[in-house]
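Each chain is listed here by its residues.
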Number of protein chains: 4
Amino acid sequence: MLYVSRDFQSEDSQIKIGPPGNETIIGGDNFTVMAGPCAIEDEKTLLDTAFEIKKTGCDFLRGGAFKPRSSPYSFQGLGVEGLKILQKAGSATGLKTITEVMEPENVETVAKYADMLQVGSRNMQNFSLLKEIGRSNKPVLLKRGISATIEEWLMAAEYILAEGNFNIVFCERGIRTFETYTRNTLDLSAVPIIKLESHLPIIVDPSHGTGNKNLIPSMSSASLAAGADGLMLEVHPHPERALSDGKQSLTINEFNQLLSKLNNLSSGICQESKIRCLN
Amino acid sequence: MLYVSRDFQSEDSQIKIGPPGNETIIGGDNFTVMAGPCAIEDEKTLLDTAFEIKKTGCDFLRGGAFKPRSSPYSFQGLGVEGLKILQKAGSATGLKTITEVMEPENVETVAKYADMLQVGSRNMQNFSLLKEIGRSNKPVLLKRGISATIEEWLMAAEYILAEGNFNIVFCERGIRTFETYTRNTLDLSAVPIIKLESHLPIIVDPSHGTGNKNLIPSMSSASLAAGADGLMLEVHPHPERALSDGKQSLTINEFNQLLSKLNNLSSGICQESKIRCLN
Amino acid sequence: MLYVSRDFQSEDSQIKIGPPGNETIIGGDNFTVMAGPCAIEDEKTLLDTAFEIKKTGCDFLRGGAFKPRSSPYSFQGLGVEGLKILQKAGSATGLKTITEVMEPENVETVAKYADMLQVGSRNMQNFSLLKEIGRSNKPVLLKRGISATIEEWLMAAEYILAEGNFNIVFCERGIRTFETYTRNTLDLSAVPIIKLESHLPIIVDPSHGTGNKNLIPSMSSASLAAGADGLMLEVHPHPERALSDGKQSLTINEFNQLLSKLNNLSSGICQESKIRCLN
Amino acid sequence: MLYVSRDFQSEDSQIKIGPPGNETIIGGDNFTVMAGPCAIEDEKTLLDTAFEIKKTGCDFLRGGAFKPRSSPYSFQGLGVEGLKILQKAGSATGLKTITEVMEPENVETVAKYADMLQVGSRNMQNFSLLKEIGRSNKPVLLKRGISATIEEWLMAAEYILAEGNFNIVFCERGIRTFETYTRNTLDLSAVPIIKLESHLPIIVDPSHGTGNKNLIPSMSSASLAAGADGLMLEVHPHPERALSDGKQSLTINEFNQLLSKLNNLSSGICQESKIRCLN
């Protein structure tokens, strides 16, 4: 029997993020929205963005310090400098922080600066990385590989679980298909499937899943209605100036409108089942 | 400029189904649920199912008389006999009826018995069929081909529009990908994309889109939240005895529970926008 | 047991094309090359092309009279007028002719003018068309659907066989994948798979399979080496002026060079197995 | 201008493998066959296999010591113990050796024991690994990711080249598509595309590309005819007892028959162009 399976644990897992006494919970009745820029670009921009996100009531800041890029000549992120900026923005605002880790030897460093690790889609089957994360006890967001079957994704989580780390949240972020209108095809059926097969929470990243900001409000609403435990969204004060992925980033204003729409939708879900509300 | 495009017509089209004075409208503020068995099997079963569907408040009955099947040795449907049963069930209950037409020379016959034609995914680029439907004025549900890009789908509609028939509703029903957990991958991003690109309504078929009844409630909710104008669902009084697609059919009881869930969800959407309610 | 299967018939089928006493055989020791323009454009161009092809030693002329096109506003072919031109070119040169048929009611007409029918990839599961072709006894080239599994393709052939027509040749022409460098992904593994599963011949269309004339020589050689019974190639005297698919058409000169290369390659195969030679 | 491109270097690169004075060359007029078991299981089996391979005239032994497996509970390889066995088999037979490296910190170790490194498909975008290999000067076989576009694959090579290591050979090993008859879809069009776009050699792995030993002879012949610089093949003395991938492994006897077929085919190619012969 696999640790990841519903057979191993029938009730939903709730994953605690942050220091004891000041934790945010993913799963259960919560709907968690993680927002921020694709890449951390400089201290002022990230802090401004973080304070704006804090005002919306969300409690999670995302931002990349190590950026996996198809070309070696694209902007690769600020590295440890970026981690320090992220930590500063977290401390200044009280937001929890999440950022990507790309290699086993960096797990300890990233875990020191951020509240939650992220495994990107290109590394879903980087087994050395998964094992190293498994040996830490840090919460981790495990993104689905761009062409990973759901079974392979569950087994990737099992690599982490087998080493003793049970603090895993899945993240559906789109799969590669023949369709070219969208950057990827967001596979929302992954949400109820993960709920059937596993006790671990799952959130959705419609920013990468569609690559088109015009589609994000609809797909965010659909994710909530499908039963997801949250969203990861790219939010940037000036998307047109972003060093990476500007086309799929929401402005602060658009982000606020989306949250308002999700709150209304949530009330329609809560009237029925009393679960999963935005705070 | 294409007839199918938002550039040609900026406001949403509303498609009227049924005889003058007794019409059902797809699009606008309506959320239309089409329900019924995959295949029409016999008169008693279809009439029983139709009366149960009528009680739920839905006003659309689906059922296949001509069935496209991968194998020539699988059940191919009752043909014209099935059309007559469908018409009878429609008359007895007041439900509007929809059924698939597979060849140009049958368009006139099917149009005589049913209120709405359906073009199945295998025939999305059967251009002779599209043109013949274009020359009739019958409303038509145009399912997306199993590996059709959204651009090809829009162009398939244009074949019908170019012949003068503007009564078209799109239906997303899943695309073929590498994932084998589901029968197809339901591409819900097609909903906001069609809304951006076209003035025509779009509904979703999560029964074929997932092939697994356990996923249908979540994906139906997600479709509503994504902005779809309705659903097509396989409902069968005894799925375990169905001649085709029993694994993805809801029982009447499960169908009622799903409608109740969708009504609650709809209230969360309507509080915001005053549109798109279940009646 | 399916008619299409090796279990039904263990020895390879050989399909005879053309009038009794003047037949060309596909399958067995033959490697058949069908060449010609994507669409028949006018009588002079087709006749000129046909005479050039005749000179190369090939004995098959292809050309589309009814063209399936994604857009209703693209050139749709010359229709019956095109069939007459094709027949004329066949008579004048002694080449066998092949052209696509798109709807059941046209089967008889196309069969009157051409030596072999072609079912295009969009119509691989147009079951009405398959049945009508099954009721004729005309040889037919059955192209693989753009996203058809090999099992579905075999079953499509079974629709024709079940009506009594055993004169079927398969044609692999590329499948739809995520890769965008090529128009489609030519799946050459289909060649040995069809040979394992069926007694019917299979040829390959690298013109549509790659969409790029620079790749055609390599993929033609690979098709021969993989065990295919022939090729279908787009050849046009002036590709830059072609009304359709010019980018993937070979000039007469390039076509001659390719045939020479294939003849050499064939000798390497024949030294071993004494089968499958170019004339 | 990218280092990987034909624009940077117009003539074909030839990659030297092994110690100075005793090198094997990949590229140019050579057709290199790498053979051996999927995983190194024990010393006796590998040495027996190595001597059999040596007798065929091939000069390359493959075998996995670190095995990437979807499940953490599958056999993960013998690790450094396996590397030592591989080195021993190489020394005893004079065969060059190749084996997979999965993490940056192991590059130096693997480079000490083997003549050539392999980057597996799951790690094609493990950028930390690519950079570390780039900083070594060891020859490397870069397998295509299971859903990598050719452009992404070229850029992955550029990561290695940008660090100064130009000893790269590409390996096409099948992509993930909807087809389930084969394990993957071998994309042979990648061979002429890489030849057009890059100066680096490319070989093909039909064992993983098809997952079915019955298809390997045809697809190996097709690879040679398409212009590949070699093959990587799974060969095992007792496939039915293999710990991994037995279904796609050739026996020594089957391997010998295939080499004989390839030699004949090669003569058909050489008569034309005087290049690319088996020894």
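Residues numbered from 1 in each chain as written. Chains lettered and ligands numbered in written order. Predicted model: local features only at pLDDT ≥ 70, side-chain atom pairs only at ≥ 80, totals over all residues. Heavy atoms only, no water.

*Asks:* Explain the overall build of chain A to me, please; I cannot follow it from the model alone.
*Replies:* On a plain count of helices and strands, chain A comes out with nine helices and 10 strands. Relative to the 2.2 N^0.38 estimate, which gives 19 Å for 279 residues, the radius of gyration of chain A is 17 Å and therefore close to what a compact globule would have. On the principal axes, the C-alpha backbone points of chain A span a range of 50 × 45 × 45 Å. Counted over contacts in chain A with a minimum sequence separation of 6, partners at least 24 positions apart contribute 68%. As displayed, chain A offers around 9,300 Å² of accessible surface, 46% of which is attributable to carbon and sulfur atoms. (Helix = DSSP H or I, 4+ residues; strand = E, 2+ residues; numbered from the N terminus. Rg over C-alpha atoms; globule rule 2.2 N^0.38 Å. Contact = heavy atoms within 4.5 Å. Areas by Shrake-Rupley, 256 points an atom, 1.4 Å probe, with all protein chains shown as cover.)

*Asks:* Explanation requested: the relation of the copies chain D and chain A in the structure shown.
*Replies:* One copy of the chain maps onto the second through a rotation around an axis plus a translation along that axis. Overlaying chain D on chain A yields an RMSD of 0.0 Å, the required transformation being a rotation through 180 degrees with an accompanying axial translation of 0.0 Å. As the rotation angle and translation indicate, the two copies are arranged about a two-fold axis. Scanning chain D for the C-alpha nearest the rotation axis identifies Ser147(D), at a separation of 3.1 Å. Here 100% of the interface residues in chain D have copies in chain A that are interface residues too; the copies meet face to matching face. (Least-squares fit on C-alpha atoms with pLDDT ≥ 70 in both.)

*Asks:* Quick question: what am I supposed to make of helix α8 (residues 216–226) of chain D here?
*Replies:* Every α-helix winds through 3.6 residues per turn, so residues three or four apart in the chain are directed the same way. All names here are of chain D. Most of α8 sits inside the fold, with 10 of its 11 residues counted as buried. Considered for burial, the residues of α8 that qualify are Ile216, Ser218, Met219, Ser220, Ser221, Ala222, Ser223, Leu224, Ala225 and Ala226. Looking one or two places after α8, you find Gly227, whose phi comes out positive at around 105 degrees. (Buried < 20%, exposed > 50% of the residue type's maximum accessible area, 1.4 Å probe, protein only.)

*Asks:* Sorry, what's going on with the pairing of strand β5 (residues 96–100) of chain B here?
*Replies:* Residues in a regular strand point their side chains to alternate faces of the sheet. All names here are of chain B. Of all the five residues making up β5, five are buried; the element is thus mostly covered by neighbouring parts of the structure. The side-chain alternation of β5 yields two buried faces, one formed by Lys96, Ile98 and Glu100 and the other by Thr97 and Thr99. Looking at chain direction, strand β4 (residues 60–62) and β5 are connected through three bridges and run parallel. Note that in β5 the partner of Phe60 across the bridge is Lys96. Taken together, β4, helix α2 (residues 80–93) and β5 constitute a β-α-β crossover, and its handedness is right-handed. With three bridges joining them, β5 and strand β6 (residues 116–119) adopt parallel strand pairing. (Pairing = 2+ DSSP bridges. Right-handed = clockwise from strand over helix to strand, strands pointing away.)

*Asks:* Sorry if this is basic, but what is going on with the relation of the copies chain C and chain D here?
*Replies:* When chain C is brought onto chain D, the operation consists of a screw motion whose angular component is 180 degrees and whose axial shift is 0.0 Å, with 0.0 Å RMSD remaining. Comparing interface residues between copies, 100% of those in chain C also lie at the interface in chain D; the contact surface is shared.

*Asks:* What exactly am I supposed to notice about the environment of Tyr159(C) here?
*Replies:* You can see Tyr159(C) is positioned in helix α5 (residues 150–162). Between the alpha carbons of Tyr159(C) and Phe127(C) there is a distance of 7.2 Å; along the sequence they are 32 residues apart. The contact partners of Tyr159(C), leaving out residues within four places of it in the chain, are Arg69(B), Ser70(B), Ser71(B), Pro72(B), Gln76(B), Phe127(C), Leu130(C) and Lys131(C).

*Asks:* Would you mind showing me how to read the environment of Leu259(D) here?
*Replies:* Tracing the backbone through its elements, the reader meets Leu259(D) in helix α9 (residues 252–273). On a C-alpha basis, the gap between Leu259(D) and Gly57(D) in space is 9.3 Å, while along the polypeptide they are 202 residues apart.

*Asks:* Sorry, what's going on with the packing of aromatic side chains here?
*Replies:* The relation between two aromatic rings is expressed through the spacing of the ring centres and the mutual angle of the planes. All names here are of chain B. Inspection of the entire model under this criterion finds 20 aromatic pairs over all chains. Centre to centre, the rings of Phe127 and Tyr159 are 4.4 Å apart; their planes meet at 20 degrees, and the pair counts as stacked. With Phe127 in helix α4 (residues 127–135) and Tyr159 in helix α5 (residues 150–162), this pair connects stretches of sequence that are 32 residues apart. You can call Phe127 buried: its relative accessible area is 3%. (Phe/Tyr/Trp six-rings, centres within 6.5 Å; stacked < 30°, edge-to-face > 60°.)

*Asks:* Help me out: how do you make sense of the interface of chain D and chain A in this one?
*Replies:* How big an interface is tends to be reported as the loss of accessible area on association of its parts. Listed per partner, the contact involves 29 residues of chain D and 29 residues of chain A. Each partner contributes to the roughly 2,400 Å² buried at the junction of chain D and chain A, and carbon and sulfur atoms together form 49% of this total. Area buried by chain D at its contact with chain A is led by Tyr73(D), Tyr159(D) and Arg176(D), which between them contribute 21% of it. The interface formed by chain D and chain A holds two salt bridges in total. Between Glu152(A) and Arg176(D) there is a salt bridge whose closest N-O contact spans 2.7 Å. In this assembly, chain D and chain A are joined by 17 residue pairs in polar contact (both at pLDDT 80 or more). Residue assignment for the side of chain D that touches chain A shows that the elements contributing at least two residues are α4 (127–135) and α5 (150–162) of chain D. If you tally residues by element for the side of chain D that touches chain A, the top one is α5(D), at five residues. When the residues that make up the side of chain D that touches chain A are grouped by side-chain class, the tally is 13 nonpolar, eight polar and eight charged. (Buried area = accessible area lost by both parts, 1.4 Å probe. Salt bridge = Lys/Arg side-chain N within 4 Å of Asp/Glu carboxyl O. Polar contact = N/O pair within 3.5 Å; in protein donor to acceptor, adjacent residues only side chain to side chain. Nonpolar A, V, L, I, M, F, W, Y, C, P; charged D, E, K, R; others polar.)

*Asks:* Before we go on, may I ask you to explain the pattern of salt bridges in this structure?
*Replies:* For side chains bearing opposite charge, pairing can occur when the charged atoms are close. Under the definition given, this model contains 54 salt bridges over all chains. We note a salt bridge from Arg144(A) to Glu172(A), for which the minimum N-O separation is 2.9 Å. Taken as a pair, Arg144(A) in the loop between β7 (140–143) and α5 (150–162) and Glu172(A) in strand β8 (residues 168–172) lie far apart in primary sequence, 28 residues in all. One exposure class covers both Arg144(A) and Glu172(A), and it is buried. Bridged by salt links that share partners, the residues Arg144(A), Glu172(A), Asp187(A) and Glu179(B) form one connected network.

*Asks:* What is the right way to read helix α6 (residues 190–197) of chain A from this model?
*Replies:* Burial analysis of α6(A) places six of its eight residues in the buried class, the great majority of the element. All of the buried residues in α6(A) are Ala190(A), Val191(A), Pro192(A), Ile193(A), Ile194(A) and Lys195(A). The inward-facing, buried residues of α6(A) abut α5, β8, β9 (202–204) and α8 (216–226) of chain A together with α8 (216–226) of chain B.

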